[in-house]
Amino acid sequence: MTTDTVADDAPVLFEERVAGNGTRIGFATLNAPRTLNGFSLPMARLLLKQLNAWADDDGIAMVVLQGAGEKAFCAGGDLHNLYKAMVAFRDAGHDDIRENDYAAEFFDVEYRVDYLIHTYAKPILCWGHGIVMGGGIGLMSGASHRVVSERSKLAFPEITVGLFPDVGGSWLLPRVPGKGGLFLALTGALLNPGDAIYAGLADVHVAEERRSAVFDALLQVAWSGDAAHNHERLDHLLQSHASDAATGPLLANAAQVDALCAGEDLPAIIARICDQQTDDTWLQAAQKTLAAGAPGSARLAFELQRRSAGQDLASVYRLEYVTALHCAARGDFAEGIRALLIDKDRNPQWSPATLAEATAAWADTFFVSPWAEAAHPLADLGTPLAERSLA
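Participant: For this particular structure, what's the right way to read the nonpolar core?
Facilitator: Here is a general trend for soluble globular proteins: nonpolar side chains tend to be buried in one another's company. In this structure, Leu47, Phe107, Leu139, Phe183 and Phe333 are the most contacted members of the largest nonpolar core, which totals 102 residues. The leading source of residues in this core is helix 15 (residues 313-330), at 11 residues. Not counting residues up to four positions away in its chain, the partners in contact with phenylalanine 107 are Leu82, Asp166, Tyr321, Ala324, Leu325 and Phe333.

Here is the structure:
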């Protein structure tokens, strides 16, 4: 039996399918394939509401999260509407980051969805096919079971649009082996399926042609009311369909990446990356992206990883929320989107224009919160679900 809960043209499609034992599996499908399932505010609102409903439904054993279309699970956030909001905010002469209502709500709800996935008691299987970037990684990274297939391409490309690896990136990237996380933040380098698993952003490789077989197998399992037991059952099921993924360039170049990103001197790190002579096409692409990217984004990414060390996930989301709103208010974010997606001239005028201007002191101003700690919009992250005030 399939229960459709929204119309087929809705931003997210929800279904409940009956499995063994009369238990049910919730399927959530991002449904904007023409924009590569760019994560929008309506998507975020729908997901937050439905994931909370499924969390409270004893009949739902697990959740599947996937994207419509063949090209992408989710290629990132809905940048067009964020751009409109940033331009309107700046044109109105606002200077208080709390006055950008759209950006404030977008990042609030997006981060709540991501955090909920990270802390979900029931298994969440995320099928990360095709392009998984930025906001897509935010959705996928917290799932208990993260699948990549042969066409998966993961990246944090925010330096190209004047932002920083948000959606928990400041917590995720330092957990990449060695100095790989800093390299990924600075260069937006692509990860293939093998590298996604090596970097800790995915768990298992399953051929795309096996997706329907995996989903059919899910419906044959006699799931229980014990979440820990269901996690184990899903582990075994996915392993029975898994195949080896080829070694990726991040792992292959791990020693070199560690040497390039050694130390705490950001200008020296960037100089080493950009000046390296190499025939490796992956490293060359990384050099090119870094050289063309926003110097301010490089600095913010670097400082955020340092500031996030030792902090819990909820605290990192609160820090990223403040920083993201500062970027929307006065940083390079709007200019980066303009150059890439609006005017498409691919000639952003970054400010600061050089790393010498993008100092640690300059970055400090992006971390200043206008809220007292208890009044922060995400202050309730980390409290038990039943005690939270949810939209």
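From this point, the discussion proceeds with the structure in view.
Participant: What's the story with helix 15 in this structure? I'm lost.
Facilitator: Each turn of an α-helix holds 3.6 residues, which means side chains three or four residues apart point in the same direction. With 18 residues, helix 15 extends 26 Å from end C-alpha to end C-alpha; this agrees with the ideal 26 Å at 1.5 Å per step. Across the 18 residues that make up helix 15, a large majority, 16, are buried.

Participant: Is there a simple way to explain the sheet that holds strand 5 (residues 72-74) in this structure?
Facilitator: Two pairing modes exist for strands in a sheet, parallel and antiparallel, and in both the strands are linked by backbone hydrogen bonds. The 3 strands are arranged 5-7-9 in an open sheet whose pairing can be described as parallel. Edge positions in the sheet fall to strand 5 and strand 9 (153-155), since each of these pairs with one other strand and no more. Recorded for the sheet is a direction-independent mean angle of 15° between the axes of neighbouring strands. Where strand 5 lies against strand 7 (residues 131-133), 2 bridges are found, and the strand directions are parallel. Within the sheet, the bridge partner assigned to cysteine 74 lies in strand 7 and is valine 132.

Participant: Explanation requested: the side chain of threonine 323 in the structure shown.
Facilitator: Tracing the backbone shows threonine 323 in helix 15. At 2.9 Å, the side chain of threonine 323 and the backbone oxygen of leucine 319 are in polar contact. Sequence-distant contacts of threonine 323, that is, excluding residues within four places in its chain, are made with Phe164, Leu300, Leu304, Phe366 and Phe367.

Participant: Can you walk me through the environment of alanine 292 in this structure?
Facilitator: Turning to its location among the elements, alanine 292 is positioned in helix 13 (residues 281-292). The class for alanine 292 is exposed, based on a relative accessible area of 51%. In sequence terms alanine 292 and phenylalanine 156 are 136 residues apart; their C-alpha atoms lie 15 Å from each other.

Participant: Where do I start with the packing of helix 2 (residues 79-91) against helix 16 (residues 333-342) in this structure?
Facilitator: Helix packing for two helices is described by the angle between their axes and how far apart those axes are. Closest axis-to-axis distance for the helix 2/helix 16 pair is 10 Å, and the angle between their directions is 130°. Judged by the angle between their axes, helix 2 and helix 16 are oblique. In this structure, helix 2 meets helix 16 at a crossing whose hand is left-handed. Contacts between helix 2 and helix 16 pair Leu79, His80, Leu82, Tyr83, Met86 and Arg90 from the former with Phe333, Ala334, Ile337, Arg338, Leu341 and Ile342 from the latter. Broken down by class, the residue content of the contact of helix 2 with helix 16 amounts to 9 nonpolar, 1 polar and 2 charged.

Participant: Teacher, can you tell me more about the side chain of histidine 129 here?
Facilitator: Looking at where histidine 129 falls in the secondary structure, it is placed in the loop between strand 6 (124-128) and strand 7. Owing to a relative accessible area of 1%, histidine 129 belongs among the buried residues under this scheme. A polar contact is formed between the side chain of histidine 129 and the backbone oxygen of glycine 69, at a distance of 2.9 Å. If we ignore the near neighbours within four places in the chain, the residues touching histidine 129 are Gly67, Gly69, Glu70, Lys71, Ala72, Phe73, Ser149, Ser152, Glu208 and Arg211.

About the cut-offs
- Residues numbered from 1 in each chain as written.
- Predicted model: local features only at pLDDT ≥ 70, side-chain atom pairs only at ≥ 80, totals over all residues.
- Heavy atoms only, no water.
- Core = buried A, V, L, I, M, F, W, Y, C linked by side-chain atoms within 4.5 Å.
- Buried < 20%, exposed > 50% of the residue type's maximum accessible area, 1.4 Å probe, protein only.
- Helix = DSSP H or I, 4+ residues; strand = E, 2+ residues; numbered from the N terminus.
- Contact = heavy atoms within 4.5 Å.
- Expected span 1.5 Å × (residues − 1).
- Pairing = 2+ DSSP bridges.
- Axes fitted to C-alpha atoms, helices over the stretch in contact; angles between N-to-C directions.
- Polar contact = N/O pair within 3.5 Å; in protein donor to acceptor, adjacent residues only side chain to side chain.
- Parallel < 35°, antiparallel > 145°, perpendicular 65-115°, else oblique.
- Left-handed = near helix turned anticlockwise from the far one by under 90°.
- Nonpolar A, V, L, I, M, F, W, Y, C, P; charged D, E, K, R; others polar.

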